[in-house]
Amino acid sequence: NIAPVIAIDGPAASGKGTLARRLAAHYGLPWLDTGLLYRAVAVGVLNHGAALDDEPVAVAIARGLPADFADNPALRTGEAGAAASRVAALPGVRAALLDAQRAFAARPGGAVLDGRDIGTVICPDAPAKLFVTASAEARADRRYRELAARDPAASYDRILADIRKRDADDASRAVAPLVPAADAVLLDTTSLDIDGAFASALAIVQRLL
Ligand code: C5P
């Protein structure tokens, strides 16, 4: 009897967070958005007045993060995401956040985690692993529509450039690069809307659990 651990990885704006939230609600499982941990470390480093590659400061902040911490709109900005990608390349930061993520995944009833390295590093034994992708253009278009509603100065080209940079940085770093686990099922959401993507994800997870 294996606990239902659902590991969801993928690049920025692939829709993995929405799929993770909906799968967690469907199965009544707790959900951890692990990107928020790296975002919280990055914002903490900046608030401390330190540089994003100051590993000792970043590690100290990562060690101080409680396993369950409050979400906060300042963590959700594009700037926080780009800063998160910088601290996420520091091996000491990844090591400091490992135990809290594994403890969350080991909850007796199961859990849903989403990030970049859940299937490869955090939960290599998860019974259900999804790798969610979409073309960079489709992801930029989704982000643009989200942002343009609030910010008339939002630029599609700028968002697309940022997404391409974050993909390249996340895929090329030495520790825990963004790659699908060998046993992950790929879900390409380029031509799916959110309901279509959720239906596909649910069908995959139901087959695996
Ligand atoms: O998913 P999200 O955009 O919130 O992640 C922000 C950044 O945190 C990513 O670009 C990535 O560099 C890093 N991250 C990571 N490992 C995870 C989750 C996020 O390296 N499990």
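Residues numbered from 1 in each chain as written. Predicted model: local features only at pLDDT ≥ 70, side-chain atom pairs only at ≥ 80, totals over all residues. Heavy atoms only, no water.

You'll find the chain entered in an unreviewed UniProt entry as Cytidylate kinase, with Camelimonas lactis given as the organism. The Sequence similarities (unreviewed entry) field of the UniProt record for the chain holds the comment "Belongs to the cytidylate kinase family. Type 1 subfamily." (UniProt positions renumbered as here; feature names shortened; annotations may be inferred.)

Our focus in this paragraph is the overall build of the chain. When helices and strands are tallied, the chain shows nine helices and five strands. From first element to last, N terminus to C terminus, the chain shows the α and β order β-α-β-α-α-α-α-β-α-β-α-α-β-α. For 209 residues, the compact-globule formula gives about 17 Å, and the C-alpha radius of gyration of the chain, at 16 Å, lands near that figure. By its C-alpha atoms, the chain is 45 × 40 × 30 Å across when sized along the principal axes. (Helix = DSSP H or I, 4+ residues; strand = E, 2+ residues; numbered from the N terminus. Rg over C-alpha atoms; globule rule 2.2 N^0.38 Å.)

In this section: the packing of aromatic side chains. Overall, the coordinates contain one aromatic pair when judged by the stated rule. Seen from their ring centres, Y144 and Y156 are 6.4 Å apart, and the 85 degrees between their planes marks the pair as edge-to-face. Note that Y144 is positioned in helix α7 (residues 136–148) and Y156 in helix α8 (residues 156–172), a separation of twelve residues in sequence. Over the aromatic face of F198 sits the side chain of R22, whose NZ or CZ is 4.5 Å from the ring centroid. (Phe/Tyr/Trp six-rings, centres within 6.5 Å; stacked < 30°, edge-to-face > 60°. Lys NZ or Arg CZ within 6 Å of the ring centre and 35° of its normal.)

In the numbering used here, UniProt assigns the "binding site: ATP" (unreviewed entry) feature to G10, P11, A12, A13, S14, G15, K16, G17 and T18. Residue position: P11 is located in the loop between β1 (5–9) and α1 (16–27). Residue classification places P11 among the buried positions, given a relative accessible area of 8%. Ignoring anything within four residues of it in the chain, the contact list for P11 reads K16, R116, V132, T133, R139, D167 and L178. Turning to its location among the elements, A13 is positioned in the loop between β1 and α1. Using a relative accessible area of 14% as the deciding quantity, one classes A13 as buried. Leave out the neighbours within four places in its chain, and A13 touches R139, R142, R143 and I163. (Buried < 20%, exposed > 50% of the residue type's maximum accessible area, 1.4 Å probe, protein only. Contact = heavy atoms within 4.5 Å.)

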